[in-house]
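Chain and residue survey
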Amino acid sequence: MILTKPKSISAGPSNGTGEGVAHSKRWYVAMVRMHHEKKVAERLDKMGIEHFVPVQQEVHQWSDRRKVVESVLLPMMVFVHVDPKERKEVLGFSTVSRYMVMRGESTPAVIPDEQMARFRFMLDYSEEAICMNSSPLARGEKVRVVKGPLTGLVGELVNVDGKSKIAVRLNMLGCACVNMPIGYVEAVSEKN
């Protein structure tokens with residue numbers, strides 16, 4: 001069971017895509033020590049660097065009590081929206097080891113602004129648990145959610161273990177998936 005949490009003020013990029021701009025900010029995945037995601041986020045807050053740690057609130061049930069726990073969806077990863085100078089500053093943290101890179105390349109991989117905006121929207125508004133699927137998923141039909149808390153989200157309708165899910169792909173990280181009744185979505189034409 002997932003409880004709702006306060007919504008983000010802005011789920012989208014604040015500086016556009018930055019394509020072709022010399023010192024534009026881009027989204028990167030900083031690899032951090034195990035269980036240090038929130039500490040790195042606090043330090044980034046103090047420095048004024050935009051970041052995102054995907055968390056969900058879950059209810060854990062024990063025999064004698066229930067407790068709401070905030071768990072990190074992608075362990076050992078913090079998304080940072082930085083320019084080249086800030087990117088070097090983040091690497092100076094003792095708890096940050098490196099940036100995620102594409103196989104065979106040496107430069108840090110960039111997560112497109114549009115993917116980050118959709119992923120953040122999904123986390124903010126989903127009433128159900130979101131799961132990350134790192135195994136390759138076959139491409140699904142491009143759809144837009146027209147009903148429920150995720151109204152407006154554009155993603156792919158996929159079938160995972162016999163259940164309909166809407167998926168948002170993130171470069172190199174796989175897909176963020178959440179259960180979605182087929183009646184809650186409509187096909188999106190490829191022109192959009």
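Being a predicted model, the structure only gives us computed values, none of them experimental.

Here we take up the UniProt feature "domain: KOW" (unreviewed entry) in the chain. Per the UniProt record, the feature "domain: KOW" (unreviewed entry) sits at residues 136–163. For residues 136–163, helix accounts for 0% and strand for 46%, while the C-alpha atoms at its two ends are 16 Å apart.

Our next topic: the nonpolar core. Counting 28 residues, the largest nonpolar core has V29, F79, F119, M122, I166 and L173 as its most contacted members. If you list the elements that add at least two residues to this core, you get β1 (26–32), β5 (77–82), α3 (113–125), β8 (141–145), β10 (163–170) and β11 (174–179). For this core, the leading source of residues is α3, giving four residues. Here this core gathers at least three residues from each of two domains, domain 1 (24–111) and domain 2 (113–191). Counting residues in hydrophobic clusters, the runner-up holds 16 residues, among them Y28, I49, V96 and Y99.

Here is what the cut-offs are and how they apply
- Residues numbered from 1 in each chain as written.
- Predicted model: local features only at pLDDT ≥ 70, side-chain atom pairs only at ≥ 80, totals over all residues.
- Heavy atoms only, no water.
- UniProt positions renumbered as here; feature names shortened; annotations may be inferred.
- Helix = DSSP H or I, 4+ residues; strand = E, 2+ residues; numbered from the N terminus.
- Core = buried A, V, L, I, M, F, W, Y, C linked by side-chain atoms within 4.5 Å.
- Buried < 20%, exposed > 50% of the residue type's maximum accessible area, 1.4 Å probe, protein only.
- Domains from an automatic or database assignment.

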